[in-house]
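Observations on the three-dimensional arrangement
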Amino acid sequence: MTAMADGGMRRRVFSLGLALALAGALAGCNTVKKTFDFSPDPELQKDGTYPNINVGGVPQPGKPLTPDEQQKAMAAIKARGAVASPQAGADAKQQGAASAAELDQIARTHGELTLEEIRNGCGTDKVVDATKCPQ
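Residues numbered from 1 in each chain as written. Predicted model: local features only at pLDDT ≥ 70, side-chain atom pairs only at ≥ 80, totals over all residues. Heavy atoms only, no water.

1. Regarding the overall build of the protein
Note the threshold: Each helix is a run of H or I in the DSSP string that is no shorter than four residues. Each strand is a run of E no shorter than two, and both are numbered from the N terminus. Burial classes follow relative accessibility: with a 1.4 Å probe on protein chains only, a residue under 20% of its type's maximum area counts as buried, one over 50% as exposed, and anything between as partly exposed.
A count of helical and extended segments in the protein gives three helices and zero strands. For the protein, the N- to C-terminal ordering of α and β elements is α-α-α. When burial is assessed residue by residue, the protein has 4% of its 135 residues classed as buried.

This is the structure:
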């Protein structure tokens, strides 16, 4: 009799799980519908939220620049333009190439020079040839 009761209990648990899975699947369909909802957002339709250039006669937010502020803004823009000019970029590229060439030369010779200093005992108490050590 316990085997029979145990089988009935399994069916009930299985039925409950199936019902929960079905309810979850149906709830998911509602979420998908909301995800692909392309209707206009009512928050964006409110007047006064964003400046609307299509509405005439309404003062827009902000204030115009004074002539002094305009001159300062133009000077700042021209300064940025001078820094970002093609000639400035070409000069920086040329300086970078020269620095890279110097670093390449150091990379090629530094290891060998250091080994030579070690062999000559430079920087130690047992200097082999002091004339070959940097002074």
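2. Focus: the pattern of salt bridges
Stated precisely, the cut-off is as follows: For this document, the term salt bridge refers to a Lys or Arg side-chain nitrogen within 4 Å of an Asp or Glu carboxyl oxygen.
Overall, the coordinates contain two salt bridges when judged by the stated rule. The closest approach of N and O atoms between Glu-69 and Lys-63, which form a salt bridge, is 3.7 Å. Look at Glu-69 and you get partly exposed, because its relative accessible area is 30%. Judged by relative accessible area, Lys-63 falls into the exposed class, the value being 62%. A salt bridge links Asp-68 to Lys-72; the nearest nitrogen and oxygen atoms lie 3.7 Å apart. Of this pair, Asp-68 and Lys-72 are both found in helix 2 (residues 67-83), four residues apart, which corresponds to roughly one turn of the helix.

3. Things to note about helix 3 (residues 86-120)
To be explicit about the condition: Multiplying 1.5 Å by the helix residue count minus one yields the expected span of that helix. Axes are fitted to the seven residues ending at a residue and to the seven starting at it; the angle between these axes is taken as the bend at that residue.
Over its 35 residues, helix 3 runs 50 Å from end to end, which matches the ideal 51 Å to within 8%, given 1.5 Å per residue. Where helix 3 bends most, at Thr-109, the angle is about 35°. Positioned one or two residues after helix 3, Gly-121 has a phi angle of 75°, which is positive.

4. So, the environment of Ile-118
With respect to the helices and strands, the residue Ile-118 is situated in helix 3. Considered as a pair, Ile-118 and Cys-133 are 15 residues apart in the sequence and their alpha carbons are 9.4 Å apart.

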